[in-house]
Amino acid sequence: MADDSKPDGSTVQVLQDVANRLRIHSIRATCASSSGHPTSCCSAAEIMAVLFFHTMKYKRTDPEHPDNDRFILSKRLSFVDVATGSLGQGLGAACGMAYTGKYFDKASYRVFCLLGDGESSEGSVWEALAFASHYSLDNLVAVFDVNRLGQSGVTPLEHCTDVYQNRCEAFGWNTYLVDGHDVGALCQAFWRAAQVKSKPTAIVAKTFKGRGIPIIENAEDWHGKPVPKERVDAIIKLIESQIQTNRNLTPKPPVEDSPPVNVRNVKMTCLPDYVAGDRVATRKACGLALAKLGHANERVIVLAGDTKISTFSEIFSEEHPERFIECFIAEQNMVSVALGCATRGRTIAFVSTFAAFLTRAFDQIRMGAISQTNINFIGSHCGVSTGEDGPSQMALEDLAMFRSIPNCTVFYPSDAISTEYAVYLAANTKGMCFIRTSQPETTVIYTPQENFEIGQAKVIRQSVNDKVTVIGAGVTLHEALAAADSLSQQGISIRVIDPFTIKPLDAANIISNAKATGGQVITVEDHYREGGIGEAVCTAVSREPDILVHQLAVSEVPQCGKPSELLDKFGISARHIIAAVKNTLMN
Ligand SMILES: Cc1ncc(C[n+]2csc(CCOP(=O)(O)OP(=O)(O)O)c2C)c(N)n1
């Protein structure tokens, strides 16, 4: 291997000149647009010059080439693979890329992540540090740009680079302390990182914010501010005076050794293996479906947060151990890792945990939408039907959260067969998907041949005499069916609809059925009222003055108990549906 650790003197000068040109570009660009972060760019100028013109291997003409080294600018801005800017998320995504490179692609490309010292106050950075060393990601390098300053003042550790070093080492990283403005030292550190086996490398780079800009360098109150226009020419002249060459450096080409992959059009190889009347929890059907999907496509991966036994993703982990990523109890990092794994179409990623715990990764999920990722979420133990485990485990806000994400498909299957179809549809759907599953067993109501489509509701009970349309999903669909049975014995027939996807919602189908039942609709859901099925239905029928929607939903903080007791206590059981139907008919 060529000894890149010590570039010759002229290369060092060229890299220094590149860094200074980057400074000039950042000053000019931010000045022209009257916005941007020239001081943050200036602290990292040498790091960027060395990475892009000395260390990284890539095809300049093809930035998304699978064999290129990856770069994640976690400090700010959107870069090629994942959107950053909400600080603290870049290293998790870099972990996902490095994990994919090492274990799925088994390829030579390396992953570089540049972090700010301010952003390293985020706990998610430390979740990622723990993940990377646990999985021996020796193809990953994190560079901490320790420029002492954040946005509104100094960072908590200021220039105590030894503290960063100790912390990184304590998290199991091979760590180097360098002068972040010394291109020779940076070249050497990156070269040494490439020689290290089984540990990720952290480069703690001591830098100065606004480096090279007189008065502004290392001064507070210059974050995110362009240089004053009247000073620009003089500053650029000064930086230019330090440039000694006009040579360009060509990046090294990547080693082209990542395998071709196909993540599209995953087919169901055989029909679901359930018969009507079987009792299966949708969370279990989901685990079984994931394992089956894993046989249909070898790029299907599952990430879990120490919940595989409860969510049944354990079945996938047993059948496909090499494609199961245990992320431990670090949900924010789990979502970022999935994002990294799914970039450049390298994997079909499913994140599986209790739906309640996905809420703590909402920012990562929100950023996933900005990155236009295709990752899929499976959230189990939704609602009060979670039962004895208690309120801390019950997701009652998850529909609101996922519904609010643009282009996110929200599945809420009600039996094992529709759950299996949801998993296959999610694998083949562009954009993020969320599949909401339940803890208790429910009866299989569909045949294996039933055709499920996104945005297509199923009318599962109907007659010409129906007086009300009831819409339920998951456990509440079964409560609606029980209510329908009981009411029919009293001579009252109701229509029952399974929406299958809450987003998109089959508005046309709901409206036509509502009109056929005198405009009366009752929604019943194991979710808080805000942002759930009832509100989705209200929005869908908002231009229909003759349709009236009555919402049954959980409206207070729940307690522990038996699932059936809690459904009743919180007003969403068959008994409450019957009362609501009768009440509707009386008015
Ligand atoms: C999660 C989050 N919190 C707050 C902000 C607002 N913000 C933008 S830049 C910044 C300071 C960043 O400092 P540092 O990480 O040291 O990077 P530098 O710009 O100094 O290189 C802050 C607080 C943000 N973008 N994301």
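These numbers come from a predicted model, not from an experiment.

(A) Expanded view of the pattern of salt bridges. Following the criterion strictly, the structure yields 19 salt bridges and no others. Taking the shortest distance from any N to any O, the salt bridge between Asp81 and Arg344 comes out at 2.8 Å. Of the two residues, Asp81 is situated in the loop between strand S1 (70-73) and helix H4 (90-104) and Arg344 in the loop between helix H12 (331-342) and strand S9 (348-354); the sequence distance between them amounts to 263 residues. One exposure class covers both Asp81 and Arg344, and it is buried. The salt bridge partner of Arg366 is Asp363, with a shortest N-O separation of 2.6 Å. Taken together, the residues span about one helical turn, with Arg366 and Asp363 both in helix H14 (residues 362-370) at a distance of three residues. It is possible to trace a salt-bridge network through shared partners that takes in Asp105, Arg299 and Arg346.

(B) Structural context of the packing of helix H1 (residues 9-33) against helix H7 (residues 183-195). Between H1 and H7, whose axes approach to 9 Å, the crossing angle comes to 105°. By the criterion of interaxial angle, the relationship of H1 to H7 is roughly perpendicular. Taken together, the residues of H7 that come into contact with H1 (itself represented by Val12, Leu15 and Gln16) are Val183, Gly184 and Cys187. A breakdown of the residues in the contact of H1 with H7 according to their chemical character gives four nonpolar, two polar and no charged.

(C) Expanded view of the site of the ligand. In the vicinity of the ligand there are 17 residues, among which Ser40, Lys75, Gly85, Asp117 and Lys209 approach most closely. One of the side-chain N or O atoms of Ser40 is found 2.6 Å from an oxygen atom in the ligand. Gln151 is positioned with one of its side-chain polar atoms (N or O) 3.3 Å from a nitrogen atom of the ligand. Calculation on the ligand without its partners gives an accessible area of 590 Å², and the protein chains cover 76% of this total.

(D) View of empty space enclosed by the protein. On inspection of all chains with the given rule, the structure shows two cavities of 30 Å³ or more. Computed from the structure, the largest cavity encloses a volume of approximately 80 Å³. Lining the largest cavity we find 14 residues, and of these Leu149, Ala219, Glu220, Asp221 and Trp222 sit closest to its centre. Of the residues assigned to the lining of the largest cavity, the class counts are four nonpolar, seven polar and three charged. Taken as a whole, the second largest cavity encloses approximately 30 Å³ of empty space. Lining the second largest cavity are Val82, Ala83, Thr84, Gln89, Gly90, Ala93, Ser336 and Leu339. Counting residues per element, the ones that place at least two in the lining of the second largest cavity are H4 and H12. Partitioning the lining of the second largest cavity into residue classes produces four nonpolar, four polar and no charged.

(E) Geometry of the nonpolar core. Counting 78 residues, the largest nonpolar core has Leu91, Leu140, Phe144, Leu303, Ile325 and Phe377 as the members making the most contacts within it. No other element matches H4, which puts eight residues into this core. Here Leu91 is in contact with Ser74, Cys113, Leu115, Val125, Ala128, Leu129, Leu140, Ala142 and Trp173, once residues within four sequence places are set aside. Grouped together as the second largest cluster of nonpolar side chains are 33 residues, Val266, Ala289, Phe316 and Phe350 included.

(F) Inspection of the pairing of strand S4 (residues 174-179) at higher detail. Pairing geometry for S4 and strand S5 (residues 201-206), over six bridges, is parallel. Residue pairing in the sheet places Leu177 in a bridge with Val204 of S5.

(G) A look at the sheet that holds strand S11 (residues 409-411). Spatially, the seven strands line up as an open sheet ordered S8-S7-S9-S10-S12-S11-S17, and their pairing is mixed. With partners counted over all chains shown, the strands left at the sheet margins are strand S8 (324-326) and strand S17 (501-503), one partner each. Mean inter-strand twist for the sheet, computed between neighbouring axes without regard to direction, equals 20°. When strand S7 (residues 300-304) meets S9, the two strands line up parallel, connected through five bridges. In the sheet register, Leu303 faces S9, and the bridge partner there is Val351.

(H) Up close: the sheet that holds S4. Pairing is parallel in the open sheet, where five strands are placed in the order S1-S2-S3-S5-S4. Strands at the two margins of the open sheet, each flanked by one partner only, are S1 and S4. Each strand of the sheet is rotated relative to its neighbour by a mean of 20°, with strand direction disregarded. Contacts from helix H3 (residues 45-55) reach S1, strand S2 (111-116), strand S3 (140-146) and S5 within the one sheet, and its direction differs from that of S2 by about 175°. Its contacts with the sheet place H4 against S1, S2 and S3, and it is angled at close to 170° to S2.

(I) Focus on the packing of H1 against helix H8 (residues 229-241). Axis separation between H1 and H8 bottoms out at 10 Å; the angle between their running directions is 170°. As far as their axial angle goes, H8 and H1 are roughly antiparallel. Seen from H1, the contacting residues are Asn20, Arg23, Ile24, Ile27, Arg28 and Cys31; seen from H8, they are Lys229, Val232, Ile235, Ile236, Ile239 and Glu240. Partitioning the contact of H1 with H8 into residue classes produces seven nonpolar, one polar and four charged.

Calculation rules
- Residues numbered from 1 in each chain as written.
- Predicted model: local features only at pLDDT ≥ 70, side-chain atom pairs only at ≥ 80, totals over all residues.
- Heavy atoms only, no water.
- Salt bridge = Lys/Arg side-chain N within 4 Å of Asp/Glu carboxyl O.
- Helix = DSSP H or I, 4+ residues; strand = E, 2+ residues; numbered from the N terminus.
- Buried < 20%, exposed > 50% of the residue type's maximum accessible area, 1.4 Å probe, protein only.
- Axes fitted to C-alpha atoms, helices over the stretch in contact; angles between N-to-C directions.
- Parallel < 35°, antiparallel > 145°, perpendicular 65-115°, else oblique.
- Contact = heavy atoms within 4.5 Å.
- Nonpolar A, V, L, I, M, F, W, Y, C, P; charged D, E, K, R; others polar.
- Near = heavy atom within 4 Å.
- Polar contact = N/O pair within 3.5 Å; in protein donor to acceptor, adjacent residues only side chain to side chain.
- Areas by Shrake-Rupley, 256 points an atom, 1.4 Å probe, with all protein chains shown as cover.
- 1 Å grid on protein atoms, 1.4 Å probe; cavity = no way out; pocket = protein on both sides within 12 Å on 5 of 7 lines; lining within 4 Å.
- Points joined across faces, edges and corners; volume = space filled by probe spheres on them.
- Core = buried A, V, L, I, M, F, W, Y, C linked by side-chain atoms within 4.5 Å.
- Pairing = 2+ DSSP bridges.

None of the figures reported here should be taken as evidence of function without further support.
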